[in-house]
Amino acid sequence: MKRALSPAQLRMVAVKALEEEVDEFDYRIASPTGQGIEIVTPEGQWPTTLFIEPIGSGTQKIPWAGQIHSNPLLEWIVRSWLIDRLQTSLHVRPIQVLLGRLSDVQVPAIDAESIEGALAAWIDEIATTGVAENRDEVPMAAVLLYQWALEVQAVPGFSDWTLYRLRVLAWSGRRKRHGQLTTLQDPIGGPYTRPELARIEAAISSSAAVSNRQRAEFYLCRDWGLRPIQMALMRASDFGEDSFGPYVDVPSVKGQRSKLRRADGNIVRRHISDQAAEAVRKQVAEAESQASMLREKLQGCLNELGLERCPAPLPLFPRREKQEPGLMRFCEDSALYPYTLHATGGMICREIADIGKALAIVQEEAIADLTGDSFVTILAYRLRRTKGTAMVVMGCSREEVAEALDHATPWSVEHYFRYSTETHDLISATAASSQQIVQAANMWEGRFLQDAAPETGDRPVGGLGRCTLKTPCPKHPRISCYACYRFHPDRNADHSAALKEIVAYDELMRHQSTGPVRNQLSLEVLGAKSLVQLLCRDDGDGNGQEPQ
């Protein structure tokens, strides 16, 4: 990669092109959590790499010495935006995705109007492509750059109207992409049903393959839907008991308060179950031994640097190892030092996922065939969605759900309220009598056409609903849909007639085929029965016919 112009040279390009004075680049800045970041070396050059340490997350690296764009004025705009963003936001991802694609912008001249036109045309193109391909990260990052150039730097030629148009384009791709994430009742990423959660809890309580640390992480996720980064920020001293029982003090990471991390006033007290309290109490007792090797290594780094500091606070979930370059950065920076021993949210995510691998709970056959997973996955965010869904079923308000799950506003939990509480009750009530039907019925919740408008490219399926598969289906139309997660049924369609058709086809093939075809047909019958039963019970008029 070609080396960039020096900070002084880049500033002079901006002064000449904009015909006005601009500030010199700062040599050092502070992140929202207080980390000191060297932007310009004492020799007046760009350092090779910026190391960003978002507390509770892993190290983020930004290449800094190489040329960002061949047009020096655009490079000055981008570097100025990056420096401002590093001081005001914890999210480095927009910077990284934009740097990877910015060279695609074709700018004909070194003036602000040319840059505005080229940047707007590029955002328009990638946003339009992103909508079609369900990719929105790059256009969203580019819109942030455009907005900063307009509102903060006041670069000539950038306009409010263009910003509005580009923002609408970029957000349309985001809505398309993330709309599918609000289908909570899916067998891969959605909440656990009560029978599933009961099986997981029973296996965890009796298995020697699961550590007490993992139990504590699991129960905190189950009780309060904590984000992994919240658990990463907790300390051993956050566990206690009061007149209401055992509790943990949890840092809030919602909205602007995410920058506060463990600042005073940013801690919320959560009372936990006795089961969780027992696991957390044991983890507190074990935490020091888990951190002992890293604490010893930390002291060696302090001695090497000639620094004297108080012992680093003990996290509830310490990390066991940290590479020496990163350890040195934490030792040297007083804002980072108190978090030296903390694990990251990503580490805790993996530890919770490892519970599923250790237990190897066999997935229900119908769900396994749908998802391709033979074993039940145990994920922190599935437990979080389970907590949110359970609160809705219990009749909690949006404000209560948002407060419990540490969301910035009540409207950010709106997707939890898209599902009928009667349907959840139905699934729980029928568990004892028809476990297979219950497991199959789980996949229909939130997937009816009436739950969300059909998207462009969805194909109709014989009057029964629509298919989200964008390519021709290799399976039998109408017959194969009821065991496919891509099928969105219409509540008003005649699914009973379709079930009869599938059963008749099943009877025909029973005498003519074996193996995979027979197994697949069994899944179609199960899926069709579960849907018909769900719709009949959901009618509420007592006239629904039970599937035979």
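Residues numbered from 1 in each chain as written. Predicted model: local features only at pLDDT ≥ 70, side-chain atom pairs only at ≥ 80, totals over all residues. Heavy atoms only, no water.

Enquirer: I'd like to hear about the overall build of the protein, residue by residue, with values.
Expert: Along the backbone of the protein there are 19 helices and 10 strands. Put simply, the protein has 548 residues, and 52% of those count as buried. Residue pairs in contact within the protein that sit at least 24 positions apart in sequence constitute 63% of those at least 6 positions apart. Of the roughly 25600 Å² of accessible surface on the protein, a fraction of 53% belongs to carbon and sulfur atoms. (Helix = DSSP H or I, 4+ residues; strand = E, 2+ residues; numbered from the N terminus. Buried < 20%, exposed > 50% of the residue type's maximum accessible area, 1.4 Å probe, protein only. Contact = heavy atoms within 4.5 Å. Areas by Shrake-Rupley, 256 points an atom, 1.4 Å probe, with all protein chains shown as cover.)

Enquirer: Please provide a residue-by-residue account of the sheet that holds strand E8 (residues 459–461), values included.
Expert: The strand order across the open sheet built from three strands is E8-E9-E10, with neighbouring strands paired in antiparallel fashion. Each edge of the open sheet carries a strand with a single partner, namely E8 and strand E10 (487–489). Pairwise comparison of adjacent strand axes, ignoring direction, gives a mean angle of 30° for this sheet. (Pairing = 2+ DSSP bridges. Axes fitted to C-alpha atoms, helices over the stretch in contact; angles between N-to-C directions.)

Enquirer: Any details on the confidence of the model for the protein? Residues and values, ideally.
Expert: Mean pLDDT over the protein: 82, with 75% of residues reaching 70 or higher. For the protein, helix H16 (residues 421–429) is the element with the lowest average pLDDT, namely 47, and helix H8 (residues 212–224) is the one with the highest, namely 97. In the model, residues 426–434 has pLDDT below 50 throughout and makes 12 contacts with residues more than four positions away in sequence or in other chains. Across residues 514–519, confidence stays below pLDDT 50; counting only partners more than four residues off in sequence or on other chains, it has five contacts. (pLDDT = per-residue confidence, 0-100.)

Enquirer: Provide a residue-level description of unusual backbone geometry, including the pertinent values.
Expert: Positive phi, normally seen in glycine, also occurs at Glu19, with a value near 55°. With a phi close to 55°, Ala154 is a non-glycine residue in the positive phi region. Within the element layout of this structure, Ala154 appears in the loop between helix H5 (137–151) and helix H6 (160–179). Residue Ala154 is classed as exposed on the basis of its relative accessible area of 54%.

Enquirer: Could you give an account of the packing of aromatic side chains, with specific residues and numbers?
Expert: Evaluated as defined, the whole model comprises five aromatic pairs. When the centroid spacing of 5.1 Å and the interplanar angle of 75° are considered together, the rings of Phe25 and Trp46 count as edge-to-face. Of this pair, Phe25 sits in the loop between helix H1 (7–18) and strand E1 (28–30) while Trp46 sits in the loop between strand E2 (36–38) and strand E3 (49–52), and the two are 21 residues apart along the sequence. No difference in accessibility class separates Phe25 from Trp46, as the two residues are buried. Taken together through their ring pairs, the aromatic side chains of Phe25, Trp46 and Trp64 make up a single cluster. (Phe/Tyr/Trp six-rings, centres within 6.5 Å; stacked < 30°, edge-to-face > 60°.)

Enquirer: Just give me the short version of the side chain of Ser114, but keep the residues and values in it.
Expert: As for its position among the elements, Ser114 is in helix H4 (residues 112–133). By relative accessible area, which is 18% here, Ser114 ends up buried. Setting aside its immediate chain neighbours within four residues, Ser114 contacts Val107, Pro108 and Ala109.

Enquirer: Can you lay out the nonpolar core for me, pointing to particular residues and giving the numbers?
Expert: The biggest cluster of nonpolar side chains holds 56 residues, and the ones touching the most others in it are Ile39, Trp76 and Trp122. Of all the secondary-structure elements, those providing two or more residues to this core are H1, E3, helix H2 (72–88), helix H3 (93–99), H4, H5 and H6. Among the elements that make up this core, the one with the highest residue count is H5 (10 residues). If sequence neighbours within four positions are ignored, Ile39 has contacts with Asp26, Tyr27, Arg28, Ile29, Gln45, Trp46, Pro47, Leu50, Trp64 and Ile83. Counting residues in hydrophobic clusters, the runner-up holds 45 residues, among them Ile200, Ala216, Ala343 and Val401. (Core = buried A, V, L, I, M, F, W, Y, C linked by side-chain atoms within 4.5 Å.)

Enquirer: Tell me about the side chain of Glu75, and name the residues and values.
Expert: Checked against the element boundaries, Glu75 lands in helix H2. When its relative accessible area of 2% is taken as the criterion, Glu75 is described as buried. The contacts of Glu75, once residues within four sequence positions are left out, are Ala4, Leu10, Gly66, Gln67, Ile68 and His69.

Enquirer: Give a description of the sheet that holds strand E6 (residues 245–251) that names residues and reports values.
Expert: Pairing within the open sheet is antiparallel, and its three strands lie in the order E5-E6-E7. Looking at strand neighbours, the two that pair on one side only are strand E5 (239–242) and strand E7 (267–271), the edges of this open sheet. The sheet shows a mean angle of 35° between the axes of neighbouring strands, direction not considered. In the sheet, E5 pairs with E6 via four bridges, with the strands oriented antiparallel. In the sheet register, Glu241 faces E6, and the bridge partner there is Pro246. Together, E5 and E6 form the strand contacts of helix H10 (residues 274–305), whose direction differs from that of E5 by roughly 135°.

Enquirer: Go over a nonpolar patch on the surface with me, naming the residues and quoting the values.
Expert: Where nonpolar side chains cluster on the molecular surface, the patch consists of Trp161, Tyr164 and Val168 and spans about 360 Å² of accessible area. Structurally, Trp161 can be placed in helix H6. (Patch = residues over 30% accessible without salt bridge, like charges linked within 9 Å, V, L, I, M, F, W, Y side chains within 5 Å. Salt bridge = Lys/Arg side-chain N within 4 Å of Asp/Glu carboxyl O.)

Enquirer: Explain the packing of helix H7 (residues 194–206) against H8 to me, using residue names and the numbers behind them.
Expert: Where H7 meets H8, the closest approach of the two axes is 11 Å, and the angle between their N-to-C directions is 155°. Here H7 lies roughly antiparallel to H8, going by the angle between them. The handedness of the crossing between H7 and H8 comes out as left-handed. Residues Leu197, Ile200, Glu201, Ile204 and Ser205 of H7 pack against Arg215, Phe218, Tyr219 and Arg222 of H8. Considering only residue class, the contact of H7 with H8 consists of five nonpolar, one polar and three charged. (Parallel < 35°, antiparallel > 145°, perpendicular 65-115°, else oblique. Left-handed = near helix turned anticlockwise from the far one by under 90°. Nonpolar A, V, L, I, M, F, W, Y, C, P; charged D, E, K, R; others polar.)

Enquirer: So what about the pairing of E6? Which residues, and what values?
Expert: Two faces make up the sheet, and in a regular strand the side chains alternate between them. Burial analysis of E6 places seven of its seven residues in the buried class, the great majority of the element. Pairing analysis gives five bridges linking E6 to E7, with the strands arranged antiparallel. Residue Val250 lies in a different strand from E7, and its bridge partner there is Val268.

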